[in-house]
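For reference, the chains in residue letters:
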Amino acid sequence: MATHTHTLNGNETYLGAPFPPDDDFTITDNGAAGGNTVTLGNGTDNLTLQDGNNTVTLGNGADQITAGSGNNTLTTGTGNSKVTVGNGNDTVTVGTGSNTIVLGTGLDTVSTAAGNNVVSVSGATVSGDTLKGALSSGDGSTNKLVLTAAGTMSPVNVSGFQSYQLANGGPNSLTLSETNFARLPGGSITVIGGNSGNTIDASALSAAHTVTIVAGAGTDVLSGGAGNDTFQGTEAGLNLDTITNMNVGDKINFTDATLASFTVSLNGATLTYGGTDQITLSNSPTGSFILSADPVGGVDLTLTDTSPPGEPQSTLPVSTGGTVTISTSFLSSFDPDNSAANLTYTVLTAPTHGTLLLNGVAAASFTQADIDNGLVQYRQNGDVASSDGFTFKLSDPAGNSTSIEPYTIAILNTTAPVIDANTTLTASSGTSGMIWKDALCTVALGNEPAQMTYTVLTAPAHGVILDNDSVATSFTQADIDAGLVRYQQYGDGASSDGFTFQATDAAGDQTPVTTFNIAIAGGAQGLGAAGQTSASSSTTQASSPTAPLFDLSGISFGTGGTLGYMANADGWGGTLSVGDGTHTVSLALLGQYAASGFATAPDPGGGTVVTYTAAQGGGDATLLSIPLH
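An account of the accompanying structure is given in this report. Just so it is clear, the model here is predicted, and its values are computed rather than measured.

## Remarks on the nonpolar core
Nonpolar side chains tend to gather and get buried jointly when the protein is soluble and globular.
Piece 1. The biggest cluster of nonpolar side chains holds 59 residues, and the ones touching the most others in it are V92, L103, L131, L145, Y164 and I252.
Piece 2. Setting aside residues up to four positions removed in sequence, L103 forms contacts with V85, V92, D108, V110, V119, S120, V121 and L131.
Piece 3. Counting 21 residues, the second largest nonpolar core, distinct from the first, contains A439, I480, A494 and I520.

Below, the structure written as structure tokens:
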């Protein structure tokens, strides 16, 4: 095997013949002109072309090509080749092997075959390049993209690269998209930050794709996607600064930490580790972190779900001896961290007058996915009863669960709408009380809650009905079940109120005109005050004329503190402010208040309690007038 040397003179075609195809070649040009066409065999070739616009096609071998500025087209065969091009719009295609490709500032197109390929390009121009790594074949080989200069990057035409190395001397800004995974089916990308501040945004990625984001030494802002991502840094340096879009299952890995000595605490959105270093968590779900040793090395903090799922529910109507599907309109739970298949209902007390069925078989547990797919039913025994029910808990895979919840079933012997519940609501003067389904519920066979409409015929005299915080003269059973319907009392000293209504089903059948009664007890005034109903009850309990309004348990105001209330221009609500010259707390209130009614008192825990003393019967001359809205 021989080595041959040749000098190109520009616009020359050189085929390497008549030498054997396995011979090696060292080819240069005279610097006068480009535009050369070179085709060689399988040897180890070395080409240095000062000018551009060259077309080079090489066979197999560990070739080296250096091309000048211009629009070069360079193709190599199998082998560990190194290709360097200038600032033109170059096209580089390399064969199988651990190839190294260094690009200039042009709009380049690169395609690699299988192997551990490294492509270097400026961060200032990569957004315009088309770079295709080899389609992932599971053979363990990886493609790495090295950014040689910092920049703002949205490499939408880059795919098939498992690793991105950002440049030092930033700042860098990299936005990843689904197209970056086009040649990495089911794969993952690792992004390694530079040393002068990195903003890495993977928030557009679906759950099918994951990223490992390795923080640099600068001030980094790291945003994860919908998959289970890893945010990696070191305990020794403050290089993980802000993390956004964390999901349950995401983890923070400290590569140099040891489990025995690592310390961590979470206070709101601030994660403190190593004693003093902090990470700010933004736009991330409420949860907790599990501390564990990483299998590869260091310490992992994995975000886990601690919030129980929610389970809105409505009374289910069934005919005597009938079978009815429990659809999502009557029982539908949600958890932002889990799918419907991961939310499990466990029946604790079975129905007395019927049986729960899952896909036609008696069952003591089922999932939200089963409900969504219409597989859960209740079959009534046919005995004489007007109601039935069961109790359950709802849980997720993390072990979070609701408290024991009752589910109500109305057994009907008519197709007309039936008022299943009509219980007096107790509300405090000047407050609002929720009208929930245990206070007012109407059902009809074959009707969903959204199809049952209440029409108010005679409005309350001492308050208003609110539906989703707006004054309403009609609402649905679904609104009641969702906790959207409330009675807002005026605070005028009345002891009772009420309204009349008719409920209409989808067929137009109506209930008789019916009265809903409201008992008004004296108490603290203002929406959100003590004595207001909870989400699981429709009644509010009476409270004393002086009651806590809100508890500032973490703040102890000094003796020179100030307390003030300023009403809104229309007299409906206002702003309460408490301060001591250092701390200030403001609370926007709805309702009618007298400024003289507010006072502060010490809290047993060392904080400050703000109270309000209601003036009953309108005896306080400073009590604000009540506008009629």
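## Points about the side chain of Q380
Piece 1. Residue position: Q380 is located in strand 38 (residues 376–380).
Piece 2. Here G321 takes part through its backbone nitrogen, which lies 2.7 Å from a polar atom of the side chain of Q380.
Piece 3. For Q380, the side chain forms a polar contact with the side chain of D383, separated by 2.8 Å.

## Things to note about the pairing of strand 22 (residues 210–214)
Piece 1. With four of five residues buried, strand 22 is to be regarded as a mostly interior element.
Piece 2. As defined by bridge partners, strand 20 (residues 188–192) adjoins strand 22 across five bridges and the pair is classed as parallel. What sits directly across from I189, in strand 22, is V211.
Piece 3. Where strand 22 lies against strand 24 (residues 230–233), three bridges are found, and the strand directions are parallel. The partner of I213 across the bridge, within strand 24, is F231.

## Re the pairing of strand 39 (residues 387–395)
Piece 1. Examined bridge by bridge, strand 34 (residues 344–349) and strand 39 share five bridges and lie antiparallel to one another. The partner of T344 across the bridge, within strand 39, is S395.

## Describing the sheet that holds strand 32 (residues 316–319)
Piece 1. Ordered by their spatial adjacency, five strands build an open sheet running 32-40-39-34-37, and the pairing between neighbours is mixed. Each of the sheet's edge strands pairs with one partner strand only, and the pair in question is strand 32 and strand 37 (365–367). In this sheet, adjacent strand axes meet at a mean angle of 35 degrees when their direction is disregarded.
Piece 2. Pairing of strand 39 with strand 40 (residues 405–412) involves six bridges; the strand directions are antiparallel. When the bridges of strand 40 are listed, G389 appears paired with T408.

What counts and how
Residues numbered from 1 in each chain as written. Predicted model: local features only at pLDDT ≥ 70, side-chain atom pairs only at ≥ 80, totals over all residues. Heavy atoms only, no water. Core = buried A, V, L, I, M, F, W, Y, C linked by side-chain atoms within 4.5 Å. Buried < 20%, exposed > 50% of the residue type's maximum accessible area, 1.4 Å probe, protein only. Contact = heavy atoms within 4.5 Å. Helix = DSSP H or I, 4+ residues; strand = E, 2+ residues; numbered from the N terminus. Polar contact = N/O pair within 3.5 Å; in protein donor to acceptor, adjacent residues only side chain to side chain. Pairing = 2+ DSSP bridges. Axes fitted to C-alpha atoms, helices over the stretch in contact; angles between N-to-C directions.

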